[in-house]
Amino acid sequence: MNLLAILQSELTQFGNALPGVISQGLIWGIMAIGVYITYKILDFPDLTVDGSIGTGGAVALMLILNGVPVWIALIAAFAAGCLAGLVTGLLNTLLGIPGILAGILTQIALYSVNLAILGSANKSISVDKFPLLLSSRRVAVSGGFAVFGWEVGKCVLIVAVLTAVLYWFFGTEYGFTIRATGCNSNMARAQGINTKKSTVIALVLSNGLVGLSGGLLAQYQGFADVNMGRGAIVIGLAAVIIGEVLGSAIMGKRFNFVARLAFTATGGIIYYLVLQIVMQIGLDSTYNKLFSAIVVVIFLAVPYIRNAAKTSYGRAAKNAASRAIGKGDSEDA
Amino acid sequence: MLELIDVKKTFNAGTINEKKALNGVSIKLDEGDFVTIIGGNGAGKSTTLNAVAGVWPIDSGAIIINGKNVAGLPEHKRAAFIGRVFQDPMTGTAATMEIQENLALAKRRGNPRGLSWGIKRAEREEYHELLKMLDLGLEDRMTSKVGLLSGGQRQALTLLMATLKKPDILLLDEHTAALDPKTAAKVLELSDKIIEENHLTAMMVTHNMSAAIKHGNRLIMMNGGHIIYDVKGEEKKNLTVDMLLEKFEEASGMALSNDRMLLSKHNDM
Ligand SMILES: Nc1ncnc2c1ncn2[C@@H]1O[C@H](COP(=O)(O)OP(=O)(O)OP(=O)(O)O)[C@@H](O)[C@H]1O
Ligand SMILES: [Mg+2]
């Protein structure tokens, strides 16, 4: 086989995977928007998401399996996520448990909860028997553009609606209190804001979105299992950070709030795009999590190192040494 | 207006770090009083203001604002009555929010906040006019992030925010200490102007003795968690820095060996 043929088949494979990559990227993008709310706006490293995404998935799946309409199941997934966020919020504000630890505790507890909801380690659902909103089976290119295009379109639509709602919410008086709390809680309290309350509300909202994304993900992949959320926070962070780097590069000064949310979702797509490429190149799916950790490390480290390269002690030492040549000895004497 | 009755506060009680910061502070301010507070490091000046603001609960005593005992109210609830400017210019504003958004937050101090817009169109015009008064050019940068402002600009903005909704008490804790002398003088002048125009009741901590004499209608000196000296009216106007130093030695039984205060003795402001 010649090189051209290989390239062509690789490209076809990549093209076939594209609708799936975009759909899945956007579903995780919703979770990433949830992470954006805590990590960026509230400045709270919330690890609840590894559990709450599974809770959303389990709740939605079990409800649909029991004949509940899909949209109600999704609202329930959102609500279940909210509840998880509430627990973390109360652990933190009412019981004084540090944020990271509060999230970890909820996450661990949710593992049992999710297992109990599912009744077993994993459960599947067939798109042939239930009217699922999304399904990976429908994103096959062979199904024709009308089918997979609409599937991707639904994901885009959901993200667009959520972005609009969040844009509105963070522009309200209540949204302002959350932003102020995340930025400077001393100032917020001095302005009469109950920072504990706004912390809890932000965690509730964030995990609600994460739960919703879990509910969509379970339908998309056709199953929910107790491990589906493991490492979710890292994927979420990857999407947030990729979106931020990309957004500020493209939009510059016009990188406003709506753009930030949209780019966070786009960050999810890019994450899956890169994952698709490295897997096609030959990365075993065993290394998925290792890969996501490395992506986050790179995106966090690059801005830091670039900045450090501009002003480093090493450089300062070198500059100082060149200035001091031939001076030091005589002055010491 | 504001009355403190035998307010006591001990930090880290029962540990080796135990510190009696307020040992029964009592003072009654009348409406429109502008009190300057001086005293050595650790005298309890900031602690007094923090007690009023409700940063933490006091151990005993009463804090009465407008006839209401507020000692049981948490900080964010007490904020309805109190405007504050802090020593660190970073503390009083939200750096990642716009100038106008910071003002909008301050405008709603003490009001319930709901799901209507965080800032309304009509407000923008109001803020534009107010910022003009500061004469810092901020009225043309209303959508800039506060993090881009200098320390002096931030303090001026914080001052505006603290008084945007008229507070019953304005608390200024060394709010010019982090600024260069010229900016400090400007912010101080602005404070005077705002307090006078709005007939505010205010407490201002300062390490600058001449500023403490020059500004306000009343002066108190603190030491060891007590108020050791309290003057007002004509008597205050006739004070000199040397008289204050003398008073301090007399009342506390020791020399005021505080570098910052001695330095500021020669620093007219
Ligand atoms: N939150 C706190 N926790 C523990 N100790 C505190 C706290 N706040 C103040 N103190 C202690 O209380 C005493 C009074 O402090 P305060 O800050 O009121 O002094 P100050 O008069 O404002 O002095 P300065 O001129 O240095 O600002 C000090 O010994 C201080 O260490
Ligand atoms: Mg102090």
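A separate point is the environment of B:Lys186. Looking at the secondary structure, you find B:Lys186 in helix H6 (residues 181-197). Sequence separation between B:Lys186 and B:Asp6 is 180 residues, and the spatial gap between their C-alpha atoms is 36 Å.

If you look at the interface, chain B gives 32 residues, while chain A gives 20 residues. Between chain B and chain A the total buried area reaches about 2,200 Å² when both faces are included, carbon and sulfur atoms providing 62% of it. The largest contributions to the chain B side of the interface with chain A come from B:His76, B:Arg113 and B:Leu115, which together make up 28% of the buried area. Our count for the chain B to chain A interface comes out at three salt bridges. Close ionic contact of B:Arg108 with A:Glu173 constitutes a salt bridge, the shortest N to O distance being 2.7 Å. Our count for the chain B to chain A interface comes out at eleven residue pairs in polar contact (both at pLDDT 80 or more).

Looking at the secondary structure, you find A:Ala262 in helix H10 (residues 257-281). Put simply, A:Ala262 and A:Ala309 are 47 residues apart on the chain and 31 Å apart in space, counted from C-alpha to C-alpha.

This brings us to the layout of surface pockets. Estimates place the volume of the largest pocket at around 1,300 Å³. Lining the largest pocket we find 35 residues, and of these A:Arg179, A:Phe257, B:Glu98, B:Glu101 and B:Lys145 sit closest to its centre. Contributing elements (two or more residues each) for the lining of the largest pocket: helix H1 (3-42), helix H5 (145-171), helix H6 (173-183) and H10 of chain A together with helix H3 (99-107) and helix H4 (121-134) of chain B. In terms of residue count, the dominant contributor to the lining of the largest pocket is H6(A) (four residues). The class makeup of the residues in the lining of the largest pocket is 13 nonpolar, nine polar and 13 charged. If you add up the space inside the second largest pocket, you get close to 470 Å³. Forming the boundary of the second largest pocket are 25 residues, of which A:Gln24, A:Trp28, A:Tyr272, A:Leu275 and A:Asn288 lie nearest the centre. Top element by residues in the lining of the second largest pocket is H1(A). It accounts for six residues.

Right, let's get into the packing of aromatic side chains. To describe a pair of aromatic rings, you give the distance between the ring centres and the angle between the ring planes. All names here are of chain A. Tallied over the entire structure, the rule returns ten aromatic pairs over all chains. Ring plane angle 55° and centroid distance 6.5 Å describe the contact between Tyr36 and Phe257, whose orientation is recorded as tilted. One end of the pair, Tyr36, is in helix H1; the other, Phe257, is in helix H10, and 221 residues separate them in sequence. Its relative accessible area of 6% is what places Tyr36 among the buried residues. For Arg179, the ring lying beneath its charged end belongs to Phe176, and the centroid distance is 5.2 Å.

Below, the discussion takes up the sheet that holds strand S8 (residues 202-205) of chain B. Residue and element names in this part refer to chain B. In space, the six strands of this open sheet follow the order S6-S7-S8-S3-S9-S10, with mixed pairing throughout. Strand pairing shows two members of the sheet lacking a second neighbour, strand S6 (82-85) and strand S10 (226-232), which therefore form its edges. For this sheet the average axis-to-axis angle between neighbouring strands, irrespective of direction, equals 20°. The strands touched by helix H1 (residues 45-53) within the sheet are strand S3 (34-39), S6, strand S7 (169-173), S8 and strand S9 (218-223), with S7 carrying the most contacts at an inclination of about 150°. Contacts between helix H5 (residues 151-164) and the sheet are confined to S6 and S7, with S6 contributing the most and set at about 175° to the helix.

All right, on to the pattern of salt bridges then. If you walk through the whole model with that rule in mind, you get 16 salt bridges over all chains. Among the salt bridges present, the one from A:Lys40 reaches A:Glu244, with a minimum N-O distance of 2.9 Å. Within this pair, whereas A:Lys40 is found in helix H1, its partner A:Glu244 is found in helix H9 (residues 232-251), the two being separated by 204 residues in sequence. With its nearest N and O atoms 2.9 Å apart, the salt bridge here joins B:Glu101 to A:Arg179. In this pair, B:Glu101 is assigned in helix H3 and A:Arg179 in helix H6, connecting two distinct chains. Several salt bridges converge on common partners, so that one network encompasses A:Lys40, A:Glu244 and A:Arg260.

Residue and element names in this part refer to chain A. There is a patch of nonpolar side chains on the surface, built from Leu83, Leu86, Leu90, Leu94 and Leu95 and spanning about 500 Å² of accessible area. Inspection of the secondary structure puts Leu83 in helix H3 (residues 70-93). Given a relative accessible area of 57%, Leu83 falls into the exposed group.

Attention now moves to the packing of H3(B) against H4(B). Each pair of packed helices gets described by two things: the angle between the helix axes and the distance between those axes. Residues and elements named next belong to chain B. Running from N to C, H3 and H4 cross one another at 105°; their axes reach a closest spacing of 10 Å. The pairing of H3 with H4 is recorded here as roughly perpendicular in orientation. Contacts between H3 and H4 involve Ile99, Gln100, Leu103, Ala104 and Lys107 from the former and Glu123, Arg124, Glu126, Tyr127 and Leu131 from the latter. Considered class by class, the residues forming the contact of H3 with H4 number five nonpolar, one polar and four charged.

Next up on the list: the site of ligand 1. All names here are of chain B. Around ligand 1 sit 14 residues, and of these Asn41, Lys45, Ser46, Thr47 and His207 come closest. Ala43 is positioned with one of its backbone polar atoms (N or O) 3.1 Å from an oxygen atom of ligand 1. A distance of 2.8 Å is found between an oxygen atom of ligand 1 and a side-chain nitrogen or oxygen belonging to His207. Here ligand 1 loses 66% of its free accessible area of 630 Å² to cover by the protein chains. Sorting the residues of the shell around ligand 1 by element identifies strand S2 (19-29) and H1 as the ones contributing at least two each. Ranked by residue count, the leading element in the shell around ligand 1 is H1, at three residues. Among the residues forming the shell around ligand 1, the class breakdown is three nonpolar, eight polar and three charged.

Basis of the calculations
Residues numbered from 1 in each chain as written. Chains lettered and ligands numbered in written order. Predicted model: local features only at pLDDT ≥ 70, side-chain atom pairs only at ≥ 80, totals over all residues. Heavy atoms only, no water. Helix = DSSP H or I, 4+ residues; strand = E, 2+ residues; numbered from the N terminus. Contact = heavy atoms within 4.5 Å. Buried area = accessible area lost by both parts, 1.4 Å probe. Salt bridge = Lys/Arg side-chain N within 4 Å of Asp/Glu carboxyl O. Polar contact = N/O pair within 3.5 Å; in protein donor to acceptor, adjacent residues only side chain to side chain. 1 Å grid on protein atoms, 1.4 Å probe; cavity = no way out; pocket = protein on both sides within 12 Å on 5 of 7 lines; lining within 4 Å. Points joined across faces, edges and corners; volume = space filled by probe spheres on them. Nonpolar A, V, L, I, M, F, W, Y, C, P; charged D, E, K, R; others polar. Phe/Tyr/Trp six-rings, centres within 6.5 Å; stacked < 30°, edge-to-face > 60°. Buried < 20%, exposed > 50% of the residue type's maximum accessible area, 1.4 Å probe, protein only. Lys NZ or Arg CZ within 6 Å of the ring centre and 35° of its normal. Pairing = 2+ DSSP bridges. Axes fitted to C-alpha atoms, helices over the stretch in contact; angles between N-to-C directions. Patch = residues over 30% accessible without salt bridge, like charges linked within 9 Å, V, L, I, M, F, W, Y side chains within 5 Å. Areas by Shrake-Rupley, 256 points an atom, 1.4 Å probe, with all protein chains shown as cover. Parallel < 35°, antiparallel > 145°, perpendicular 65-115°, else oblique. Near = heavy atom within 4 Å.

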